[in-house]
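Summary of structural features
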Amino acid sequence: MQNKLIERLRGSLSALLYFFNTLFWFMPVLGLALLKLLVPLNAWRTGCNRLLDGCAGYWIGFSNLIQQTLLKTRFEVVGLDNASLNQWYMVVANHQSWVDILVLQRVFNQKIPFLKFFLKKELIWIPFLGLAWWALDFPFMRRYSKKLLEKKPYLKGKDIETTRQACAKFHHMPVSVMNFVEGTRFTAHKHDKQAAPYRHLLHPRAGGIAFTLAAMDGRLHQLVDVTIGYPGGIPSFWDFMCGRVGTIRVRVRFLPITQHLVGDYFNDPVFQHDFQQWLNGIWRDKDQTLSQLLNDETRPC
């Protein structure tokens, strides 16, 4: 009983500190975003973007400090030796929990350029965070169901155009474009429904990542393949905040993005097939790696 009370107090204190940390950085981030809008010059906007990413880095840095101070979670990370702040990266990872985002931010903060996530459009309404993500040029995507597209065919391709516009903003300074290519968080129900050939993963969706690589005009030279494992079971956000997560294991691989991975995914069936085969191969390796992480066969560097 006493342990549960301590956990709840720890979770409440963590959440409170996260809130004040977000509130503190919200105003300078929003102010810089408004200044960026006032002057439509690339050099000015690039300078503002550097300041914005710097603020976001400090924001995440303090969040990481909260975790290190209050939580007992042990991070075991392998594969960061080749990380650089001066490269353009495509980052892909398996997706199991909201905790994944905190893990990625902790692992990569000040190691590679600031992570830019593709977010659901509805998330812009989250207080403070939604506007902060907008200010930091996080792409907001709206998903259209097949039924809606049948009723309103003019909406077809809108998500692709949104991706194109987002990628255009990433040309002027190094960035890490983050994509959860499974499209949704892993659950046993979703896994069974998909009849996925992987033990721990859902089917990867190749279209979004292929289009992003093409839209970035060859600037993305490396794929950062991240595998996140929770040996104690997939945690909720509250579990993590309360310090109930004992160990998190992360394996990172840097893979080359060669010219044959850039093409017209939606209109070239040969390229589409080859790209899907490439991504499925990465996912098979990831499934094996995740089995190792969960079976305690991996140790930190």
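Residues numbered from 1 in each chain as written. Predicted model: local features only at pLDDT ≥ 70, side-chain atom pairs only at ≥ 80, totals over all residues. Heavy atoms only, no water.

1. A word on the overall build of the chain
- Within the chain, the secondary structure is distributed over ten helices and eight strands.
- Against the 2.2 N^0.38 benchmark of 19 Å for 301 residues, the chain shows a C-alpha radius of gyration of 20 Å, consistent with a compact globule.
- Counting only C-alpha atoms, the chain reaches 60 × 50 × 45 Å along its principal axes.
- Residues classed as buried in the chain amount to 48% of the 301 residues present.
- Excluding contacts between residues fewer than 6 apart, the proportion of contacts in the chain whose partners are at least 24 apart in sequence is 75%.
- If you sum the accessible surface of the chain, you get close to 16,000 Å²; carbon and sulfur atoms cover 57% of it.
- Side-chain charges of the chain comprise 36 positive and 22 negative groups, with the mean position of each set lying 7 Å from the other. (Helix = DSSP H or I, 4+ residues; strand = E, 2+ residues; numbered from the N terminus. Rg over C-alpha atoms; globule rule 2.2 N^0.38 Å. Buried < 20%, exposed > 50% of the residue type's maximum accessible area, 1.4 Å probe, protein only. Contact = heavy atoms within 4.5 Å. Areas by Shrake-Rupley, 256 points an atom, 1.4 Å probe, with all protein chains shown as cover. Lys, Arg positive; Asp, Glu negative; His and termini not counted. Charge placed at Lys NZ, Arg CZ, Asp CG, Glu CD.)

2. Some details on unusual backbone geometry
- Of note, Gln 110 is a non-glycine position whose phi angle comes to about 65°, a positive value.
- Mapping Gln 110 onto the fold places it in the loop between helix 3 (99-108) and strand 3 (115-117).
- At Asp 137, a position not held by glycine, the phi torsion is positive, near 65°.

3. Observations concerning the packing of helix 2 (residues 42-70) against helix 3
- At a closest axis distance of 10 Å, the pairing of helix 2 and helix 3 adopts a crossing angle of 105°. Viewed along their axes, helix 2 and helix 3 adopt a mutual orientation that is roughly perpendicular. Across the interface between the two elements, Ile 60, Asn 64, Gln 67 and Gln 68 of helix 2 pack against Leu 102, Gln 105 and Arg 106 of helix 3.
- Of the residues belonging to the contact of helix 2 with helix 3, the class tally is two nonpolar, four polar and one charged. (Axes fitted to C-alpha atoms, helices over the stretch in contact; angles between N-to-C directions. Parallel < 35°, antiparallel > 145°, perpendicular 65-115°, else oblique. Nonpolar A, V, L, I, M, F, W, Y, C, P; charged D, E, K, R; others polar.)

4. Concerning the environment of Tyr 58
- Relative to the helices and strands, Tyr 58 is located in helix 2.
- C-alpha of Tyr 58 to C-alpha of Leu 85: the two residues are 27 residues apart in sequence and 15 Å apart in space.

5. Overview of the pattern of salt bridges
- Enumeration over the complete set of coordinates arrives at nine salt bridges.
- Ionic pairing is found between Asp 53 and Lys 116, a salt bridge with its closest N-O pair at 3.1 Å. Here Lys 116 lies in strand 3 and Asp 53 lies in helix 2, a separation of 63 residues in the sequence. Summarising the burial analysis for this pair, Asp 53 and Lys 116 share the class buried. (Salt bridge = Lys/Arg side-chain N within 4 Å of Asp/Glu carboxyl O.)

6. Some points on the side chain of Arg 106
- Examined against the element boundaries, Arg 106 turns out to sit in helix 3.
- Of the side chains with opposite charge, Glu 76 lies nearest to the buried Arg 106, which makes no salt bridge, at 12 Å.
- Residues within four places of Arg 106 in sequence aside, it is in contact with Asn 64, Gln 67, Gln 68 and Phe 75.

7. Some points on the sheet that holds strand 6 (residues 176-179)
- As summarised here, the arrangement of the six strands in space is 1-8-7-2-6-3, forming an open sheet in which the pairing is mixed. Since the sheet does not close on itself, it has two edges, and those belong to strand 1 (74-78) and strand 3, each with one partner. Averaged over all pairs of adjacent strands, the angle between strand axes in this sheet comes to 25°, irrespective of strand direction. (Pairing = 2+ DSSP bridges.)

8. Observations concerning the confidence of the model for the chain
- Per-residue pLDDT for the chain has a mean of 88; in total, 90% of the residues score no lower than 70.
- Taken element by element, the predicted model of the chain shows its lowest mean pLDDT in helix 5 (residues 146-151) (58) and its highest in strand 7 (residues 222-229) (97). (pLDDT = per-residue confidence, 0-100.)

9. Some points on a nonpolar patch on the surface
- Where nonpolar side chains cluster on the molecular surface, the patch consists of Leu 13, Leu 16, Leu 17, Phe 19, Phe 20, Leu 23 and Phe 128 and spans about 580 Å² of accessible area.
- Among the structural elements, Phe 128 can be located in the loop between strand 4 (119-120) and helix 4 (129-135).
- For Phe 128, a relative accessible area of 32% corresponds to the partly exposed category. (Patch = residues over 30% accessible without salt bridge, like charges linked within 9 Å, V, L, I, M, F, W, Y side chains within 5 Å.)

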